[in-house]
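Residues per chain, in single letters:
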Amino acid sequence: MLIDARTLVNGHTVEADICIVGAGAVGIAMALEFNGSNKKVAVMESGGLDLDSRTQSLYEGDHVGRPTYPLGRNRLRYFGGTTGHWAGHCRPFDQFDFSVRDWIPHSGWPIKIEELEPYLERSQPILGLGDYDYSSLEQYAKQLKLETLPLDSGRLISVMKQQSPPTRFGTAYRQALKESKNVSVYLYSNVLELITNESASHITRAEVACIDGPKYEVKAKNFVLATGGMENPRIMLLSNKSAPDGLGNSHGLVGRFYTDHILIRPALDISLSRKGFDFRLYSKIHRMNGGRMFGILTASDELTRREKLTRFRFHLYNITPSYDAPVGGVFSSIDGAREAQPLTKEGGTYMAVHMAMEPIPNPDTFVRLSAKRDLFGQRQLEVNWQVTDAERSNAHRAIELCALEFARMGFGRAYAPMLEKPDEWPANFTSGKHHCGTTRMSDSPKTGVVDRNCKVFDVDNLYVTGSSVFPTIGHTNPTINLVALSLRLADHLKGKMA
Amino acid sequence: MKLSGVGHSRRTVLKLAASLMLPTTLSAFLVGCNPKMTATRSAAQRMIGVLNHINKAREIGAIYIDQTPGIRQLSAEQLTEKLLLMLALDPKYISTEILDSLDTRLRKQVRQDFVDENVQIVNGWMLSKTELALCALATTFV
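Parameters at a glance
Residues numbered from 1 in each chain as written. Chains lettered and ligands numbered in written order. Predicted model: local features only at pLDDT ≥ 70, side-chain atom pairs only at ≥ 80, totals over all residues. Heavy atoms only, no water. Helix = DSSP H or I, 4+ residues; strand = E, 2+ residues; numbered from the N terminus. Buried < 20%, exposed > 50% of the residue type's maximum accessible area, 1.4 Å probe, protein only. Contact = heavy atoms within 4.5 Å. Areas by Shrake-Rupley, 256 points an atom, 1.4 Å probe, with all protein chains shown as cover. Buried area = accessible area lost by both parts, 1.4 Å probe. Salt bridge = Lys/Arg side-chain N within 4 Å of Asp/Glu carboxyl O. Axes fitted to C-alpha atoms, helices over the stretch in contact; angles between N-to-C directions. Parallel < 35°, antiparallel > 145°, perpendicular 65-115°, else oblique. Left-handed = near helix turned anticlockwise from the far one by under 90°. Nonpolar A, V, L, I, M, F, W, Y, C, P; charged D, E, K, R; others polar. Pairing = 2+ DSSP bridges. Phe/Tyr/Trp six-rings, centres within 6.5 Å; stacked < 30°, edge-to-face > 60°. Lys NZ or Arg CZ within 6 Å of the ring centre and 35° of its normal. Core = buried A, V, L, I, M, F, W, Y, C linked by side-chain atoms within 4.5 Å. pLDDT = per-residue confidence, 0-100.

## Some remarks on the overall build of chain B
Piece 1. Broken down by element type, chain B carries seven helices and two strands.
Piece 2. Tracing chain B from N to C terminus, the helices and strands come up as α-α-α-α-α-α-β-β-α.
Piece 3. Split into buried and exposed, the 142 residues of chain B put 39% on the buried side.
Piece 4. A sequence separation of at least 24 residues applies to 61% of the contacts in chain B between residues at least 6 apart.
Piece 5. Carbon and sulfur atoms form 58% of the exposed surface of chain B, whose accessible area is close to 7900 Å².

Written as structure tokens, this is what we have:
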């Protein structure tokens, strides 16, 4: 059921088997896993069914490192969470993402991709995706009478992404949760602090407050933080009555390793030297079995290993390029075209290439509590996002490789400010709004905040899920992966409470 | 209007004159040239002919020459010889067959440059060194 917590009386106590904090993709996916079970689940959602500015203001904070999107706007604080403005791109992590890469410090997940596979498959329908199939791009291309690019597979490869409608969790699953008998979603409920026993090893209750409304508490056997890559560590750091540095923070890792994809949009523009190749497999979204898909480019594992790179991906778009004077037409004959491409920016003479790149895990990038306070007097966050020279050189190399491939295939020539000035980030680089890594998963409390089951080390009933537990983030979008992790956690909790 | 005594329009005559212009100019260049020089010039012309939008190619060539000291000193003949060497050809032995194969050889070599990363950045554009030498030749060749 959906409960407007503003109608509760002050001092009210909610009792549950599981308290899930946050009703975004992760919290709702987990709650649905328990829907119809004999477990009583309380979901605490800060917002209501619609966005409101006062609740949204609780996300305000500051960038103290490289500035990127304002904290008050890069996430949505209401029922359904940030899926309310999610683009819907999905592709699972792969084995390479989970492996220890000796050229990337702090890389490697404590679990194998095989452990996540069944949950990735189960995440597909939740996200409105088609068959659990990310390897049939060639087959779909044939069906569509399109072709994959003739790439040198030792450099770049074409892979498939699926496109969610995108599923807006707040509307898609509202009815199911409204009708649930054992799952209660408490709207307008802000978890201010998790209260523990004296040794900070067990959560006894959560303190909850409504803006201009009652304060109440939730007592549960297990607590799950599902509030995203920034708020998960914030709640842990704010919960400092028994643990002065915050929950699970005995090694100072809560909030550290904050990471996000590095985006350059466009990273390069291709001035096409010939007509004839139909890029729509990549630049448009197509139907597939039960869903929709499109092609992207990424580095082959072989290249990534050989050149000791982080992972990156390229999306192709038919959008006006950033260069002024195209050159592709000069090389039309060299590239085997029957007629020269015009030296104008007409449709069909260009292709924009956007890049998303995996960052290197960095303990010096972090989120932490600032001196500023929110409506409840709770300390806001400050975010220190940094990019390193190693990442810049990785980005430059990725752009070079893409430029080389388009020319080698005889499709045109690439323009990119970063080709000219490899020592400078281009003006259009930014982050992906994929906040990750702040409560990273590890087999040791010395190197992570949660264990392989997403349980906070040293706290026996506190779990954290979502992108904050990702130790590394590959090139792909996080949503399907974080939903899968949540389903896996739900199974773990079912086993624990059985 | 017909020109007296000749069954051609003014336009046809102008076209004819224009079409005669290039060979005539070329012949003027070739007068007094030795056979090797003639072959080199023919090779240069054949190679430049692979480029489209010749004025734009010359612009690119000018920038490339400006930013590449090793190229700046070279004459059109030296650039042609350099290009022929890039195509693994001996500039001393340019046969008709070789002249006929230049287009294909250039295409292959440019493709290979992008495999071997034999490239240079010119105003933010990644171009192969072979095609840049070709643009430089287009700029230098008169």
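On we go from here.
## Re the interface of chain A and chain B
Piece 1. The partner chain B presents 23 residues to the 32 residues of chain A that form the contact.
Piece 2. For the pair chain A and chain B, the summed buried surface comes to about 2400 Å²; carbon and sulfur atoms form 64% of the total.
Piece 3. The largest contributions to the chain A side of the interface with chain B come from A:Val330, A:Ile334 and A:Leu404, which together make up 26% of the buried area.
Piece 4. Our count for the contact surface shared by chain A and chain B stands at three salt bridges.
Piece 5. The salt bridge partner of A:Arg397 is B:Glu117, with a shortest N-O separation of 2.7 Å.

## Considering the packing of helix H5 (residues 76–86) of chain B against helix H7 (residues 129–140) of chain B
When two helices pack together, their arrangement is given by the angle between their axes and by how far apart the axes lie.
Residues and elements named next belong to chain B.
Piece 1. At a closest axis distance of 9 Å, the pairing of H5 and H7 adopts a crossing angle of 160°. Considered as vectors, H5 and H7 are oriented roughly antiparallel to each other. Here the hand of the crossing between H5 and H7 comes out left-handed. On H7, the residues touching Ala-76, Leu-79, Thr-80, Leu-83 and Met-86 of H5 are Lys-129, Thr-130, Ala-133, Leu-134, Ala-136, Leu-137 and Thr-140.
Piece 2. When grouped by side-chain class, the residues that make up the contact of H5 with H7 number eight nonpolar, three polar and one charged.

## Concerning the pairing of strand E9 (residues 203–209) of chain A
Residue and element names in this part refer to chain A.
Piece 1. Bridge count between strand E8 (residues 190–196) and E9: six bridges; the pairing is antiparallel. Residue pairing across strands places Asn-190 opposite Ala-209, the latter belonging to E9.
Piece 2. Counting the residues between successive antiparallel strands, the hairpin from E8 to E9 contains six residues, one of them, Ala-200, with a positive phi of roughly 60°.
Piece 3. Note: E9 against strand E10 (residues 215–225), four bridges, orientation antiparallel. Bridge pairing in E10 links Ala-209 to Lys-215.
Piece 4. In this antiparallel pair of consecutive strands, E9 and E10, the connection spans five residues, and Asp-212 shows a positive phi of 55°.

## Things to note about the packing of aromatic side chains
Piece 1. Taken as a whole, this structure holds 19 aromatic pairs over all chains when the rule is applied.
Piece 2. One cation-aromatic arrangement involves A:Arg440 over A:Phe257; the distance from NZ or CZ to the ring centre is 4.1 Å.

## Concerning the environment of B:Asn118
Residue and element names in this part refer to chain B.
Piece 1. Locating Asn-118 in the fold gives a position in the loop between helix H6 (96–116) and strand E1 (119–122).
Piece 2. In this structure Asn-118 comes out as partly exposed when scored by relative accessible area, which is 26%.
Piece 3. Asn-118 sits 67 residues away from Leu-51 along the chain, and the two C-alpha atoms are 19 Å apart.
Piece 4. Not counting residues up to four positions away in its chain, the partners in contact with Asn-118 are Asp-113, Ser-128 and Lys-129.

## Some remarks on H5(B)
Piece 1. Looking only at H5(B), the buried set comprises B:Ala76, B:Leu79, B:Thr80, B:Glu81, B:Leu83 and B:Leu84.
Piece 2. Looking one or two residues past H5(B), B:Ala88 carries a phi angle of roughly 60°, positive in sign.

## Comments concerning the nonpolar core
Residues and elements named next belong to chain A.
Piece 1. With 191 residues, the main nonpolar core has Leu-149, Leu-268 and Phe-312 as its most contacted residues.
Piece 2. Tallying contributions element by element places helix H13 (residues 479–497) first for this core, with ten residues.
Piece 3. Residues contacting Phe-312, with those up to four places away along its chain left out, are Leu-156, Leu-297, Thr-298, Ala-299, Leu-303, Met-355, Ala-356, Met-357, Asn-394, Ala-398, Leu-401 and His-475.

## A closer look at the confidence of the model for chain B
Segments scoring low in pLDDT should not have their predicted coordinates read at a detailed level.
Residues and elements named next belong to chain B.
Piece 1. Across chain B, the average pLDDT comes to 82, with 74% of residues at 70 or higher.
Piece 2. Counting contacts from residues 1–32, a segment whose pLDDT is below 50, to residues more than four positions away or on other chains yields 13 contacts.
Piece 3. At the level of chain-chain contacts, confidence expressed as ipTM amounts to 0.93, with global pTM at 0.92.

## Quick look at unusual backbone geometry
For residues other than glycine, phi is negative in most cases, and the peptide bonds are mostly trans.
All names here are of chain A.
Piece 1. Of note, the bond from Pro-165 into Pro-166 is cis; its omega dihedral lies within 30 degrees of zero at 0°.
Piece 2. With respect to the helices and strands, Pro-166 occurs in the loop between strand E6 (156–163) and helix H6 (169–172).
Piece 3. Of note, the bond from Arg-265 into Pro-266 is cis; its omega dihedral lies within 30 degrees of zero at -5°.
Piece 4. For Pro-266, the location among the structural elements is in strand E11 (residues 262–272).
Piece 5. Non-glycine residue Asp-212 carries a positive phi angle of around 55°.
Piece 6. Mapped onto the elements of the fold, Asp-212 is located in the loop between E9 and E10.
Piece 7. With a phi close to 70°, Cys-454 is a non-glycine residue in the positive phi region.
Piece 8. Summarising the element assignment, Cys-454 is placed in the loop between strand E19 (429–431) and strand E20 (462–464).

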